[in-house]
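These are the residues of each chain, in order.
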Amino acid sequence: MTGSPSSGHPVTPLADAARAILAANWTGRSTVPSRTLYPHQWSWDAAFNAIGWSHVDPARAAQELESLLGAQWDDGRIPHIAFHAGVPEEAYFPGPAFWRHGATSGITQPPVHPVAALEVARRGAGPAFLERVYPRLAAQHDYLARSRDARGAGLAAIVHPWESGLDNAPAWDEPLAAVDASGVSPYRRRDLDHADPADRPSDAAYDRYVLLAERYRERGYEDGDLRAWSPFLVEDPLFNALYLAGAHALAEIAARVGADPAPHRAAAERIHAALVDRLWDEEHGRFAPYDLVAERFVDRRSIVSLAPLLDPDLPAERVDRLASELASEHFWDPDGAGVTSYDRLAGDFEPRRYWRGPAWANTNWLLARGLRAHGRGDLAARLDEATLWLVERGGFCEYFDARTGEGHGSRDFSWTAALVLDILER
Ligand code: 2M8
């Protein structure tokens, strides 16, 4: 497992430590994000973890994605959590008893999986792997197009902040504040058994998370007319930028497995047009989440606004604007490293609280990927270096104070290890 000069893999202590974390978090069929805080398989984590595994053991990388796809629903949605049998209900809240859908949750997460599948295939998982996963990945996209396109323009809406992956981001504060949480059923948080409350969401936010999930569950997770029932309904630029990147990846996978890439190319064009037209907030000159309940853009300077860099067809003028914003003092501390998840200059910036300010390895990685595709390898390299700087100081944590590199959240966190490996292998 460990690299050696003859294996061609990096032998730095960082690479060795990253491989050891992935190995320690491997359950036999998939990788837990963290042995303590997140003892099941998470959807977009699985995609990042598979990319890490692809450098170590392509068979495991394939297994990671295929385990997750094994939890896919008949309607094509990929649940945000695939629960592991044998892990006690009290180990994580909300667990299977809450969701009442067998061994899965009922909401979804950013659809980064086709991108990950291509990366895994490139590193030797084999053509049979792509043939197996292609119909399932296409079904995930069909689900989003069929059931989440609330405005009928090509974008996918999220019905819960957890679907964004950036659960506690200030971008969701206003849409969440409009949700009346008074009817929430009693529950007990489990995250605080493993993490410092100062690093985690507030109880008020949790009440709303739980209530929204309950409302969806009461409907049997039927999407139906989203605008008629969902108390939280947002089109997120990050979710949609990954949806778009996924459509491009699906077109490539289709071509490789002898299927027709044309529907995926058409989907990509439609998502691109909607992203560029509908999620561009002209007043502030930036991409922004659109709140479909309040019928307005969310007025927050958040990292999700930078994610359209992942659109390969983003006009050059917008690429320049996003790249300058990313490197500006709003997101980049001249004395620190990495892109903060929220505007450093905002009054409610919190450098260590989950998604409300810290730097994260996965957002650094995604933005670097987007920048590289637009010929901005210089800035992408700075982001990669920033991730390494953070990990060298803070360890393989879930997130980091970008000023100091101090690590927060869970330790020995899988996607941090996986993406560090990807950076070192490149
Ligand atoms: C965090 O989310 C979970 C809920 O899904 C939680 O806080 O309990 C987020 O950072 C999410 O993006 C991530 O997938 C998950 C597991 O790492 O943790």
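Throughout what follows, the structure given in this document is the object of discussion.

Criteria and thresholds
Sequence order as written defines the numbering, with residues in each chain counted from 1. Under the rules for a predicted model, residues below a pLDDT of 70 receive no local features and side-chain atom pairs below 80 are neither given nor counted, while totals for whole chains, interfaces and linings still include all residues. As a rule here, side-chain values cover all heavy atoms of the structure and leave hydrogens and water aside. Put simply, buried Ala, Val, Leu, Ile, Met, Phe, Trp, Tyr and Cys residues joined by side-chain atoms within 4.5 Å make one nonpolar core. Any residue under 20% of the maximum accessible area for its type is buried, any over 50% is exposed, and the rest in between are partly exposed; the area is computed with a 1.4 Å probe on protein chains only. Helical segments are the DSSP runs of H or I of at least four residues, strand segments are the runs of E of at least two, and each set is numbered from the N terminus. In this analysis, two residues are considered to be in contact whenever any of their non-hydrogen atoms come within 4.5 Å of each other. One less than the number of residues in a helix, times 1.5 Å, gives the span that helix is expected to have. Neither His nor the chain ends contribute to the count of charged residues, in which Lys and Arg are positive and Asp and Glu negative. We count a salt bridge whenever a side-chain nitrogen from Lys or Arg sits within 4 Å of a carboxyl oxygen from Asp or Glu. Method remark: on a 1 Å grid restricted to protein atoms, a set of points is classed as a cavity if a 1.4 Å probe fits but cannot get out and as a pocket if it is open with protein on both sides within 12 Å along at least five of seven lines; lining residues have an atom within 4 Å of a point. Grid points are joined across faces, edges and corners, and a volume is the space filled by probe spheres set on the points. Note that Gly is not counted as nonpolar here; it falls among the polar residues with everything else outside the nonpolar set of Ala, Val, Leu, Ile, Met, Phe, Trp, Tyr, Cys and Pro and the charged set of Asp, Glu, Lys and Arg.

### Quick word on the nonpolar core
Across soluble globular proteins, nonpolar side chains show a tendency to be buried alongside one another. In this structure, Trp44, Phe129, Leu166, Leu326, Val339 and Trp415 are the most contacted members of the largest nonpolar core, which totals 142 residues. With twelve residues, the single largest contributor to this core is helix α10 (residues 237–257). Not counting the four nearest positions on each side in its chain, Leu166 is found in contact with Trp44, Trp172, Leu238, Ile303, Val304 and Trp355.

### Considerations on helix α11 (residues 262–278)
Counted at 1.5 Å a residue, the expected span for α11 with its 17 residues is 24 Å, and the 24 Å between its end C-alpha atoms agrees. If you check which residues of α11 are buried, you get His264, Ala268, Ile271, His272, Ala274, Leu275 and Val276. Buried residues along α11 sit against α6 (127–147), α10, β5 (280–281), β6 (286–287) and α12 (316–327).

### As for the side chain of Arg190
Tracing the sequence through the fold places Arg190 in the loop between α7 (173–177) and α8 (203–218). In this structure Arg190 is buried but unpaired, with Asp193 as the nearest side chain of opposite charge at 4.0 Å. Every residue in contact with Arg190, bar those within four places of it in the chain, is listed here: Glu90, Ala91, Tyr92 and Phe93.

### Thoughts on the layout of surface pockets
Empty space within the largest pocket amounts to approximately 400 Å³. If you go around the largest pocket, you meet 22 residues; those closest to its centre are Val115, Glu119, Leu310, Arg369 and Ala373. Broken down by secondary-structure element, the contributors of at least two residues to the lining of the largest pocket are α5 (113–125), α10 and α13 (361–373). Here the lining of the largest pocket takes six residues from α13, the largest share from any one element. Taken together, the residues of the lining of the largest pocket break down into ten nonpolar, three polar and nine charged. The calculated volume of the second largest pocket comes to roughly 190 Å³. Contributing to the lining of the second largest pocket are 14 residues, with His141, Ala145, Tyr243, Ala267 and Ile271 lying nearest its centre. Elements supplying a minimum of two residues to the lining of the second largest pocket: α6 and α11. Element by element, the count of residues in the lining of the second largest pocket is highest for α11, at five residues. Of the residues belonging to the lining of the second largest pocket, the class tally is eight nonpolar, three polar and three charged.

Honestly, that's just the spatial picture; any functional story needs more than this.
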